[in-house]
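# Topology and contacts: notes
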Amino acid sequence: MALRDKDSDAQERQLAAYAPRVYGLLVRMVGNRDTAEDLTQETLLRAFRAFETYRPEGKFRAWIFRIARNAARDWLRRRPLEPALGFDADWLEAAPASPRRQSRPEDRLLHGERASKVEAALRRLPAPDREILLLRYYGELAFNDIAKVTGEPLGTVLARAHRALKKMAELVPEEEP
Amino acid sequence: MTRCPKPEMWVRYAAGELADRPRRALQTHLESCDACRREVRDLARGLEAMESLEREPALRPEMLDTLHRRLRVAAANRSTRPRVITLVARYGWAAAAAAVLVVALVLNLPKPTVPAALPGNHQAESLQEVAAAIELLRVADNGTTPLPPQNLFPADRQNELDLLLELDDAGLLLDYFMSQDKLQG
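Residues numbered from 1 in each chain as written. Chains lettered and ligands numbered in written order. Predicted model: local features only at pLDDT ≥ 70, side-chain atom pairs only at ≥ 80, totals over all residues.

### Digging into the nonpolar core
- In this structure, V22, L25, L26, L44, A68, L135 and A161 of chain A are the most contacted members of the largest nonpolar core, which totals 60 residues.
- Discounting residues that sit within four places of it in the chain, L135 of chain A has contacts with L25, F65, R69, L141, I146 and V149 of chain A. (Core = buried A, V, L, I, M, F, W, Y, C linked by C-beta atoms within 7 Å. Buried ≥ 20, exposed ≤ 12 C-beta atoms within 10 Å, placed from the backbone. Contact = placed C-beta atoms within 7 Å.)

Have a look at this one:
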């Protein structure tokens, strides 16, 4: 059996831990579960191959999400047809509620209803605005880091975030206390 | 009442990204401005709505298996990478630039235009310069004939190359050119 590099093992574990969040971003960027799975793998493989040359100048997480975002953008540029709505209906299926949220059947129902409204609202945002919210949520990135990921000025990122958050507030009813 | 801050400032406030001093100044403004209070409430509601999504969605076990398998293959391939890639990955573009000069001298080639600094430092004068440098490295490593310039960037792989350039990663860029070599036989 070939000896495995200890670094490789550690890097593999480190990258695999990002898979769910990267997938969460990608499925909402490309709107298709199978494609998002493929792109998640591509993202983490690219990161793995680039580990040797990675310089810890910024946040590691921002680096990963930059690769993921660019992979999605590249796929969106190359896709053969522009779908009318562009999204599979299986987002919710792909994102089951956490155990905490599944504790009571009524909680599960309420959470599911609200999450589906949030999903619908996200789909109504312009793609660049949606991307900012997704990078913030799944990458837990500050707006400064998001600006580095997208290559846009911070002011542009904040203007997009402002527009997107206001729209989300308008489209998603307030949560019952 | 003080003048209302820009909406973008409220985004950072609602997201908790401001330092103490500006945050306190905005809080003072909020105490006397209904319009800004409404603004902040809307932004906070937008942020709160996102929390309804599962941050770490469950992945299919088959997909995770495939991912781990592919990562292990990539790890195994690391040890069999061509020496030039390993060296450049390890020592960076300084090694690449030095190698280009050495190759040019040994083979008595016309002196190449070696970029003062290559993409890792964002100072390469042009992509063509980077490509020319890498092409010389590849020729030296494989003993192949240099590709004509138009073949360095074939149209059908332009998207892939664009992505690699966006990633700004020397190792991946070299991998790209080595795979070009395989494609060209």
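The rest of the description comes next.
### A closer look at the confidence of the model for chain A
- Across chain A, the average pLDDT comes to 82, with 74% of residues at or above 70.
- Segment residues 84-102 of chain A is flagged for pLDDT under 50; beyond a separation of four residues in sequence, or across chains, it makes 32 contacts in the model. (pLDDT = per-residue confidence, 0-100.)

### Overview of helix α2 (residues 19-30) of chain A
Residues and elements named next belong to chain A.
- For α2, built from 12 residues, the straight-helix expectation of 16 Å at 1.5 Å per residue is met to within 8% by its first-to-last C-alpha distance of 16 Å.
- Buried residues dominate α2, accounting for 11 of its 12 residues.
- Looking one or two residues past α2, G31 carries a phi angle of roughly 70°, positive in sign. (Helix = DSSP H or I, 4+ residues; strand = E, 2+ residues; numbered from the N terminus. Expected span 1.5 Å × (residues − 1).)

### As for the environment of Q27 of chain B
- Structurally, Q27 of chain B can be placed in helix α2 (residues 20-31).
- Sequence spacing of Q27 of chain B and R37 of chain B is 10 residues, and the spatial spacing of their C-alpha atoms is 9.6 Å.

### Topic: the packing of α2 of chain A against helix α4 (residues 60-78) of chain A
All names here are of chain A.
- In contact at an axis separation of 10 Å, α2 and α4 are set at 25° when each is read in the N-to-C sense. What the angle tells us is that α2 and α4 run roughly parallel. Considering how the two elements wind past one another, α2 and α4 form a crossing that is right-handed. On α4, the residues touching V22, L25, L26, M29 and V30 of α2 are I64, F65, A68, A72, W75 and L76.
- Of the residues belonging to the contact of α2 with α4, the class tally is 11 nonpolar, no polar and no charged. (Axes fitted to C-alpha atoms, helices over the stretch in contact; angles between N-to-C directions. Parallel < 35°, antiparallel > 145°, perpendicular 65-115°, else oblique. Left-handed = near helix turned anticlockwise from the far one by under 90°. Nonpolar A, V, L, I, M, F, W, Y, C, P; charged D, E, K, R; others polar.)

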